[in-house]
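Below are the chains, spelled out letter by letter.
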Amino acid sequence: MTCLFCVNVLAEACGPEITAKCMLPTVLNLASDNVANVRFNVAKTLQRIGPVLDNAALESQVKPCLDKLNNDTDMDVRYFASEALGVLGA
(Lines give C-alpha, C1' and ligand atoms only; values in the text may rest on other atoms or scores of the structure.)
Protein backbone atom coordinates (compact mmCIF):
# COMPACT_ATOMS: atom_id res chain seq x y z
CA MET A 1 0.00 0.00 0.00
CA THR A 2 2.84 2.38 0.81
CA CYS A 3 4.33 1.81 -2.64
CA LEU A 4 1.02 2.69 -4.25
CA PHE A 5 0.68 5.88 -2.23
CA CYS A 6 4.23 6.88 -3.16
CA VAL A 7 3.59 6.26 -6.85
CA ASN A 8 0.49 8.46 -6.64
CA VAL A 9 2.59 11.34 -5.36
CA LEU A 10 5.74 10.82 -7.43
CA ALA A 11 4.37 9.99 -10.88
CA GLU A 12 3.62 13.53 -11.97
CA ALA A 13 6.93 14.88 -10.69
CA CYS A 14 8.94 12.08 -12.31
CA GLY A 15 7.24 12.27 -15.70
CA PRO A 16 6.09 9.62 -18.16
CA GLU A 17 9.40 7.88 -18.86
CA ILE A 18 10.42 7.16 -15.26
CA THR A 19 6.84 6.39 -14.26
CA ALA A 20 6.44 3.82 -17.05
CA LYS A 21 9.88 2.30 -16.62
CA CYS A 22 10.30 2.24 -12.83
CA MET A 23 6.93 2.59 -11.13
CA LEU A 24 4.35 1.03 -13.44
CA PRO A 25 5.78 -2.53 -13.22
CA THR A 26 5.45 -2.45 -9.43
CA VAL A 27 1.86 -1.24 -9.63
CA LEU A 28 0.94 -3.89 -12.21
CA ASN A 29 2.58 -6.59 -10.11
CA LEU A 30 0.44 -5.61 -7.12
CA ALA A 31 -2.72 -6.15 -9.20
CA SER A 32 -2.53 -9.87 -8.40
CA ASP A 33 -2.13 -9.39 -4.64
CA ASN A 34 -4.27 -11.63 -2.43
CA VAL A 35 -5.70 -8.66 -0.51
CA ALA A 36 -8.67 -6.95 -2.15
CA ASN A 37 -7.77 -3.55 -0.66
CA VAL A 38 -4.42 -3.68 -2.41
CA ARG A 39 -6.06 -4.60 -5.72
CA PHE A 40 -8.58 -1.77 -5.59
CA ASN A 41 -5.84 0.67 -4.65
CA VAL A 42 -3.99 -0.54 -7.75
CA ALA A 43 -7.03 0.49 -9.80
CA LYS A 44 -7.12 3.88 -8.07
CA THR A 45 -3.40 4.37 -8.64
CA LEU A 46 -3.67 3.45 -12.32
CA GLN A 47 -6.48 5.97 -12.67
CA ARG A 48 -4.36 8.66 -11.06
CA ILE A 49 -1.14 7.99 -13.00
CA GLY A 50 -2.87 7.28 -16.32
CA PRO A 51 -2.73 10.90 -17.51
CA VAL A 52 1.04 10.94 -16.88
CA LEU A 53 1.67 7.86 -19.05
CA ASP A 54 1.88 7.81 -22.82
CA ASN A 55 -0.81 6.13 -24.93
CA ALA A 56 1.35 3.09 -25.66
CA ALA A 57 1.69 2.25 -21.96
CA LEU A 58 -2.00 2.88 -21.40
CA GLU A 59 -3.08 0.59 -24.21
CA SER A 60 -0.57 -2.21 -23.72
CA GLN A 61 -0.29 -2.35 -19.92
CA VAL A 62 -2.76 -0.23 -17.96
CA LYS A 63 -6.03 -1.02 -19.74
CA PRO A 64 -5.46 -4.82 -19.84
CA CYS A 65 -4.73 -4.75 -16.11
CA LEU A 66 -7.87 -2.73 -15.41
CA ASP A 67 -9.90 -5.12 -17.59
CA LYS A 68 -8.62 -7.98 -15.44
CA LEU A 69 -9.49 -6.12 -12.24
CA ASN A 70 -12.91 -5.30 -13.70
CA ASN A 71 -13.65 -9.05 -13.57
CA ASP A 72 -12.34 -9.54 -10.01
CA THR A 73 -14.30 -11.54 -7.43
CA ASP A 74 -14.43 -8.54 -5.06
CA MET A 75 -17.10 -5.95 -5.84
CA ASP A 76 -15.01 -3.01 -4.58
CA VAL A 77 -12.15 -3.98 -6.90
CA ARG A 78 -14.58 -4.17 -9.81
CA TYR A 79 -16.04 -0.78 -8.90
CA PHE A 80 -12.71 1.05 -8.79
CA ALA A 81 -11.46 -0.71 -11.94
CA SER A 82 -14.62 0.33 -13.76
CA GLU A 83 -14.21 3.91 -12.53
CA ALA A 84 -10.59 3.97 -13.73
CA LEU A 85 -11.52 2.58 -17.14
CA GLY A 86 -14.17 5.28 -17.47
CA VAL A 87 -11.78 8.08 -16.57
CA LEU A 88 -9.01 6.76 -18.84
CA GLY A 89 -11.39 6.45 -21.79
CA ALA A 90 -11.52 2.69 -22.23
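So, here is what we can say about the structure in this document. On a predicted model such as this, the values are computed, not experimentally measured, just so you know. Here the residue numbers are simple positions, counted from 1 along each chain's written sequence. For this predicted model, a pLDDT threshold of at least 70 governs which residues receive local features, and a threshold of 80 or more governs which side-chain atom pairs are given and counted, while totals over whole chains, interfaces and linings are taken from all residues. Water and hydrogen atoms play no part in the side-chain values, which are based on all heavy atoms of the structure.

Whenever a helix is involved, its axis is fitted only over the stretch in contact; in every case the axis is a line through C-alpha atoms, and angles between N-to-C directions fall within 0 to 180 degrees. Strands here mean DSSP runs of E at least two residues long; helices mean DSSP runs of H or I at least four residues long; both are numbered from the N terminus. Where helix α1 (residues 2-30) meets helix α2 (residues 36-49), the axes come as close as 10 Å, and the angle between the chain directions of the two elements is 145 degrees. For α1 against α2, the interelement crossing comes out left-handed. Residue-level inspection shows Leu4, Phe5, Val7, Asn8, Ala11, Thr19, Leu24, Val27, Leu28 and Leu30 of α1 in contact with α2, the latter providing Val38, Arg39, Asn41, Val42, Thr45, Leu46, Arg48 and Ile49. Basically, the charged four are Asp, Glu, Lys and Arg, the nonpolar ten are Ala, Val, Leu, Ile, Met, Phe, Trp, Tyr, Cys and Pro, and anything else, Gly included, counts as polar. Of the residues contributing to the contact of α1 with α2, the split by class is 12 nonpolar, four polar and two charged. The crossing is said to be left-handed when, going from far helix to near helix, the turn is anticlockwise and less than a right angle, and right-handed when the turn is clockwise. The contact criterion used throughout is that any non-hydrogen atoms of two residues lie within 4.5 Å.

Okay, the side chain of aspartate 72 next. In this structure, aspartate 72 sits in the loop between α3 (55-69) and α4 (75-87). If we ignore the near neighbours within four places in the chain, the residues touching aspartate 72 are Arg39, Val77 and Arg78.

Structurally, the α-helix is built with 3.6 residues per turn, so residues lying three or four positions apart point the same way. In a helix, the anticipated span is given by 1.5 Å times the number of residues less one. A rise of 1.5 Å per residue sets the reference length of α1, with its 29 residues, at 42 Å; its end C-alpha atoms lie only 12 Å apart and thus fall more than 12% short of the reference. Helix geometry: α1 is bent most strongly at glycine 15, by close to 130 degrees, with proline proline 16 lying one to four residues after it. Buried-residue contacts for α1 involve α2 and α3. Working definition for bend: take the seven residues up to and ending at a residue and the seven starting at it, fit an axis to each, and measure the angle between the axes.

Next up on the list: the nonpolar core. Counting residues in each nonpolar core, the largest one holds 27 residues, and the members touching the most others are Val42, Leu46, Val62, Leu66 and Leu69. Listing elements by their share of this core, those giving two or more residues are α1, α2, α3 and α4. In this description, a nonpolar core means a group of buried Ala, Val, Leu, Ile, Met, Phe, Trp, Tyr and Cys residues linked to one another through side-chain atoms lying within 4.5 Å. Between buried and exposed lies partly exposed: a residue is buried under 20% and exposed over 50% of the maximum accessible area for its type, with that area taken using a 1.4 Å probe on protein chains only.

The next subject is α4. Along its 13 residues, α4 runs 18 Å from first to last C-alpha, staying within 8% of the 18 Å computed at 1.5 Å per residue. All of the buried residues in α4 are Val77, Ala81, Ala84 and Leu85. Along the axis of α4, the buried positions cluster into a sector of 100 degrees, meaning they face one direction only. Looking at α4, the residues exposed on the side facing more than 90 degrees away from the buried face are Met75, Gly86 and Val87. Regarding the arc, it is the one traced by the directions from the helix axis to the C-beta atoms.

Classification of ring pairs rests on two measures: the distance between centres of Phe, Tyr or Trp rings, Trp counted by its six-membered ring, which must be within 6.5 Å, and the angle between planes, read as stacked under 30 degrees, edge-to-face over 60 and tilted in between. Within this structure, the stated rule accounts for two aromatic pairs. Judged by centre distance (5.1 Å) and plane angle (80 degrees), the ring pair of tyrosine 79 and phenylalanine 80 falls under edge-to-face. Members of the aromatic cluster, joined through ring pairs, are Phe40, Tyr79 and Phe80. Each ring is checked for a lysine NZ or an arginine CZ that lies within 6 Å of its centre and within 35 degrees of its normal; such an atom marks a charge sitting over the ring. Above the face of the phenylalanine 80 ring, lysine 44 is positioned so that its terminal group lies 5.0 Å from the ring centre.

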